[in-house]
Amino acid sequence: MGFSIYDFSDFINNIHAFLIETFSPAIGNIIGMAIVAVCFLGFIALLGLSLVYIERKVCALFQQRLGPMRVGKWGTAQTVADIIKLIFKEPLMTKDSDKFLFNLAPFIVMIAPVMAISLIPFASGLQAVDFDIGIFFIVAVSSIGVTGILLAGWSSNNKYSLIGAMRSGAQIVSYELSVILSLLTIVVLSGSLQLSVIVESQREGWWIFRGHIPAIIAFIIFIVASTAESNRGPFDMAEAESEITAGFHTEYSGIKFAYFFLAEYVNMFIIAAVGATIFFGGWMPLHIGNIEFFNNAMDLIPPVIWFFMKVSAIIFLLMWFKWTFPRLRIDQMLTLEWKYLLPLNIMNILLMSLVVLTDFHF
Amino acid sequence: MEEVAQNIETQEYFINMGPQHPSTHGVLRLMLTLDGEIIKKVQPHLGYIHRSIEKMCEKDSYQQVVHLTDRMDYLGCHINNEAVCLTVEKGLELEVPDRVKVIRTIISELTRLSSHQLWWGVMGMDLGAITTFLYGFRDREMITDIFEETCGARLTMNYNVPGGLMFDIHPNFQNRTKQFLEHFKKKLPEYDKLLTGNVIFTERTKGIGYLSKEDAISYGVTGPSARASGFSCDVRKKNPYSAYDRVDFKEILFTEGDCFARYQARIAEMWESMKIIEQLIDNIPEGEYKAKTKAVIKLPPGEYYQRVETPRGELGVYIISDNKKNPYRVKFRSPGFSNLSALDKMARGFKIADLVAIMSTLDLVIPDIDR
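The notes below deal with the structure included here.

**Description of the overall build of chain A**
For chain A, the helix and strand inventory stands at 15 helices and zero strands. Since a compact globule built from 362 residues should have a radius of gyration of about 21 Å, the 21 Å found for chain A is in line with a globular shape. If one aligns the C-alpha atoms of chain A with their principal axes, the spans along those axes are about 65 × 55 × 45 Å. For chain A, the proportion of its 362 residues judged to be buried stands at 51%. In chain A, the share of contacts with a sequence separation of at least 24, taken over all contacts with a separation of at least 6, comes to 75%. Put simply, chain A shows about 16,500 Å² of open surface, and 74% of that area lies on carbon and sulfur atoms. For chain A, the distance from the average position of its 20 positive side-chain charges to the average position of its 25 negative side-chain charges is 14 Å.

Set out below in structure tokens:
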């Protein structure tokens, strides 16, 4: 089969060839897709479980407590127990809520991260879909989620939910601009929208180092804007439990609530994965100039490990934000976006274009 | 653009904040009239936790009245107890020993510290920084441990009795209090780092919920909330009781009158409280911990009033006696009730998120409002 932890492309191609040979090309392709889908479903479920657990432990770390400790060793089975509880809970619904939209909303919220995750390059060759407009596609599908949030708030027949949904609509639509523009800054540098090409172009060094000042500015804007886009603290105005009591998902319970919860964590993973891919070289190992010894040593660590190390670092950063900062007010948040981040971003793209034109990067 | 905005018909709507809501800190119900997110009117509705404490006092003996006041402002329970005891002692014309005065003052200031610590944590939580809540509780734990060792209870202490204290202090009391001060002096700057210096926090509080000095006086707002508007109303200075006349401390005054000033006033008060405790902790005079009183206390007929400074403001106790073993009528002037009345004035024109910040800086304890 030619399995190698450093390069998955042979392995994946062999499986593909095997399927097509054994069955007809059409059926082989369908079986291939089904395998990928099952893998992703399993991965998302695992991701949700582990990220909720990690979030609790990180939160406990910041708050000088232990976090979950009772269920399983070090509380590792706590999230499993919670999910089981949520599955068996009775799904409640308010009296005059719009039943169809109310039930539809959690799925729409979930669609966005599931579609976006298929484009993430986990390692060399380990990528489900590799569009040539990869970044454009990710940005496009990730904005589907806001429709679900708006529908959830609207159909709940609850004023708090409606306020939360409206806040979240304003917030996500605004901050999308900053996310896109900060990603475009690096696209200018790498010259491609295709994620695998962007990763490959960072073989000599990660863009955040090679693109120096404009790349660092772009990364900071990306982190701020994507935190806002995923509705996480300090930008969790849509939920804001101390103001509007959990906002758009106030009326949801049981497994439907779990969908919103899961979507939030998968979104966080996607943000971290896109950030790592664009700015930190995705699965590329850390290379410094021509120091052969160091570069070879770094190459020994498998790309998958590199990818997940970078992703975890960014996820930790996002959690750090959430558990440290107070929440912004809605108007302050929109001011931050439209008055500061957006103009800065446009200037930054111009600066980056100048840097690329004059070849003033490493 | 403005023309379009004028032609769109908008409607004001009501929303019930409470009785069950995370940031009303209890069962307070606020009826908000909103225009979008902007607050047009706030109407507090009380009565969800009314236990008629004042009426219950009328059939209890004076010793029993003391413990009922624990249940009013449970975060400043020692000071509430002290207020009743001082009133009864005034009626009996009883001079309590010096030792009692000093211990009462120290424990009052510890109570104030623990109340402000909890307020600081909750304030951060209301503004979305949940971590502060646990930091506040971490430091408060040391004070409640001291209380537990002193009198057996951690929250509703009931340590005062008319004429003095229920028991003498624990031998460890002085040491542990000093340890706590040493610990907290290092931690209080950490509080500043987490919230005071934070850009988001200052943006959320500066210029929000303005209360002028005149309004503070006319609404009867007292305590740190009023002193942040420049209204000098510290009972400890104006009408010293217990051992406050022999310690050196500043009355904290700010003039801005916004949420940030109220926040700063409380943080500064914590430093002053520590200063007071430091002056007294090594100078507790020897002597009895309780003056001699009869088993059945009967106040001479008449009206007695005493006010004290609780962490939230001025608490007044008014007792009418008709020479029986229980009071004829008791009335508490609680700080929370008057402070809440200014909420509408302060919140109009601001947003829902600001209302939460304003309520937080008023430091409301609902059982204190609804007695």
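On we go.
**Remarks on the overall build of chain B**
Counting its secondary structure elements, chain B contains 16 helices and eight strands. Taken over the C-alpha trace, chain B has a radius of gyration of 21 Å; the compact-globule value for 371 residues is 21 Å, and the two agree within 12%. With the principal axes as the frame, chain B shows a C-alpha extent of 80 × 50 × 35 Å. Residues classed as buried in chain B amount to 59% of the 371 residues present.

**A short note on the pattern of salt bridges**
Residues and elements named next belong to chain B. The final tally for this structure, using the stated rule, is 39 salt bridges over all chains. For the salt bridge of glutamate 109 with arginine 112, the shortest nitrogen-to-oxygen distance reads 3.2 Å. Taken together, the residues span about one helical turn, with glutamate 109 and arginine 112 both in helix α5 (residues 98-126) at a distance of three residues. Assigned by exposure class, glutamate 109 and arginine 112 land together as buried. In this structure, the salt-bridge partner of arginine 312 is aspartate 363, at a minimum N-O distance of 2.9 Å. Highlighted residues: arginine 312 in the loop between β6 (302-310) and β7 (313-321) and aspartate 363 in the loop between α15 (352-362) and α16 (366-369), separated in sequence by 51 residues. Each of Glu109, Arg112, Arg227, Asp234, Arg236, Glu269 and Glu309 takes part in one network of salt bridges that share partners.

**Section: the pairing of β6(B)**
When a strand is regular, its side chains alternate between the sheet's two faces. Residue and element names in this part refer to chain B. Sheet topology note: the β6/β7 ladder contains nine bridges and is antiparallel. The partner of glycine 302 across the bridge, within β7, is serine 321. Between the antiparallel neighbours β6 and β7 lie two residues.

**Quick notes on the side chain of Thr185(A)**
Residues and elements named next belong to chain A. Tracing the backbone shows threonine 185 in helix α7 (residues 159-190). The class for threonine 185 is buried, based on a relative accessible area of 0%. Here leucine 181 takes part through its backbone oxygen, which lies 2.8 Å from a polar atom of the side chain of threonine 185. Of the polar contacts made by the side chain of threonine 185, one reaches the backbone oxygen of serine 182; its length is 3.2 Å. Beyond its immediate stretch of four places on either side in the chain, threonine 185 contacts Pro214, Ala218, Asn345, Asn348, Ile349 and Met352.

**A word on unusual backbone geometry**
All names here are of chain B. Located in the positive-phi region is serine 52, a residue other than glycine, with phi close to 50°. Following the sequence through the fold, serine 52 ends up in the loop between β3 (38-45) and α2 (53-57). Under the relative-accessibility criterion, serine 52 is labelled partly exposed at 30%.

**A few points about the environment of Arg327(A)**
Along the chain, Arg327(A) falls in the loop between α14 (303-322) and α15 (330-357). Residues Arg327(A) and Phe235(A), 92 residues apart in the sequence, show an inter-C-alpha distance of 6.0 Å. Residues contacting Arg327(A), with those up to four places away along its chain left out, are Pro234(A), Asp236(A), Met237(A), Ala240(A), Glu241(A), Ser242(A), Glu243(A), Asp126(B), Leu127(B), Gly128(B), Ile200(B) and Arg204(B). Of note is the side chain of Arg327(A), whose polar atom sits 3.0 Å from the side chain of Asp236(A).

**Details of a nonpolar patch on the surface**
Residues and elements named next belong to chain A. Taken together, the side chains of Val80, Ile83, Ile84, Ile87, Phe88 and Ile255 define a hydrophobic patch exposed on the protein surface, amounting to about 550 Å² of accessible area. Top contributing element to the nonpolar patch by residue count: helix α3 (residues 78-88), with five residues. Relative to the helices and strands, valine 80 resides in helix α3.

**Let's talk about the sheet that holds β6(B)**
Residue and element names in this part refer to chain B. If you trace the three strands from one edge of the open sheet to the other, you get β6-β7-β8, paired in antiparallel fashion. The strands lining the two open edges of the sheet, one partner per strand, are β6 and β8 (329-333). On average, adjacent strands in this sheet sit at an angle of 15° to one another, irrespective of strand direction. The pairing of β7 with β8 spans five bridges and is antiparallel.

**Considerations on the environment of Lys59(B)**
All names here are of chain B. Note that lysine 59 resides in the loop between α2 and α3 (62-69). Residue lysine 59 is classed as exposed on the basis of its relative accessible area of 62%. Sequence-wise, lysine 59 and asparagine 326 are 267 residues apart; in three dimensions their C-alpha atoms are separated by 5.9 Å.

**What about helix α4 (residues 77-92) of chain B?**
In an α-helix, one full turn covers 3.6 residues, which means residues spaced three or four apart are oriented alike. Residue and element names in this part refer to chain B. Counted at 1.5 Å a residue, the expected span for α4 with its 16 residues is 22 Å, and the 23 Å between its end C-alpha atoms agrees. The element α4 is largely enclosed, with a buried count of 14 among its 16 residues. Following α4 by one or two positions, glutamate 93 has its phi on the positive side, about 50°.

**Overview of the environment of Phe43(A)**
Residue and element names in this part refer to chain A. Among the secondary structure elements, phenylalanine 43 is positioned in helix α2 (residues 25-62). Sequence-wise, phenylalanine 43 and isoleucine 223 are 180 residues apart; in three dimensions their C-alpha atoms are separated by 24 Å. Filtering out sequence-adjacent residues up to four positions away, phenylalanine 43 remains in contact with Ile117, Phe122, Phe269 and Phe308.

**Looking at the interface of chain A and chain B**
The interface of chain A with chain B comprises 23 residues on the first partner and 32 residues on the second. Across the chain A to chain B interface the summed buried area is about 2,500 Å²; carbon plus sulfur atoms make up 57%. Summed over the three residues of chain A that lose the most area to chain B, namely Ser242(A), Pro326(A) and Arg329(A), the buried surface amounts to 24% of that side. Our count for the chain A to chain B interface comes out at three salt bridges. Note that Lys351(B) is salt-bridged to Asp331(A), the shortest N-O span being 3.9 Å. Taken together, the connections running from chain A to chain B amount to 11 residue pairs in polar contact (both at pLDDT 80 or more). For the side of chain A that touches chain B, the secondary-structure elements that each account for two or more residues are α7, α11 (241-244) and α15 of chain A.

**Some points on the packing of aromatic side chains**
Residue and element names in this part refer to chain B. One pass over the structure, following the stated rule, counts 38 aromatic pairs over all chains. Ring centres of tyrosine 241 and tyrosine 244 lie 5.1 Å apart, and the angle between their planes is 70°; on these two criteria the pair is classed as edge-to-face. Assigned by exposure class, tyrosine 241 and tyrosine 244 land together as buried. Centroid distance tyrosine 305 to tyrosine 318: 6.5 Å. Interplanar angle 55°. Geometry classified as tilted. Residue tyrosine 305 is found in strand β6, and its partner tyrosine 318 is found in strand β7; the two are separated by 13 residues along the sequence. Judged by its relative accessible area of 35%, tyrosine 305 falls in the partly exposed class.

**A few points about the nonpolar core**
In terms of nonpolar packing, the biggest core is built from 104 residues, with Leu110(B) and Trp120(B) touching the most fellow members. In terms of nonpolar packing, the next biggest core, distinct from the first, is built from 87 residues, Met110(A), Ile221(A), Phe269(A) and Trp323(A) among them.

Criteria and thresholds
- Residues numbered from 1 in each chain as written.
- Chains lettered and ligands numbered in written order.
- Predicted model: local features only at pLDDT ≥ 70, side-chain atom pairs only at ≥ 80, totals over all residues.
- Heavy atoms only, no water.
- Helix = DSSP H or I, 4+ residues; strand = E, 2+ residues; numbered from the N terminus.
- Rg over C-alpha atoms; globule rule 2.2 N^0.38 Å.
- Buried < 20%, exposed > 50% of the residue type's maximum accessible area, 1.4 Å probe, protein only.
- Contact = heavy atoms within 4.5 Å.
- Areas by Shrake-Rupley, 256 points an atom, 1.4 Å probe, with all protein chains shown as cover.
- Lys, Arg positive; Asp, Glu negative; His and termini not counted.
- Charge placed at Lys NZ, Arg CZ, Asp CG, Glu CD.
- Salt bridge = Lys/Arg side-chain N within 4 Å of Asp/Glu carboxyl O.
- Pairing = 2+ DSSP bridges.
- Polar contact = N/O pair within 3.5 Å; in protein donor to acceptor, adjacent residues only side chain to side chain.
- Patch = residues over 30% accessible without salt bridge, like charges linked within 9 Å, V, L, I, M, F, W, Y side chains within 5 Å.
- Axes fitted to C-alpha atoms, helices over the stretch in contact; angles between N-to-C directions.
- Expected span 1.5 Å × (residues − 1).
- Buried area = accessible area lost by both parts, 1.4 Å probe.
- Phe/Tyr/Trp six-rings, centres within 6.5 Å; stacked < 30°, edge-to-face > 60°.
- Core = buried A, V, L, I, M, F, W, Y, C linked by side-chain atoms within 4.5 Å.

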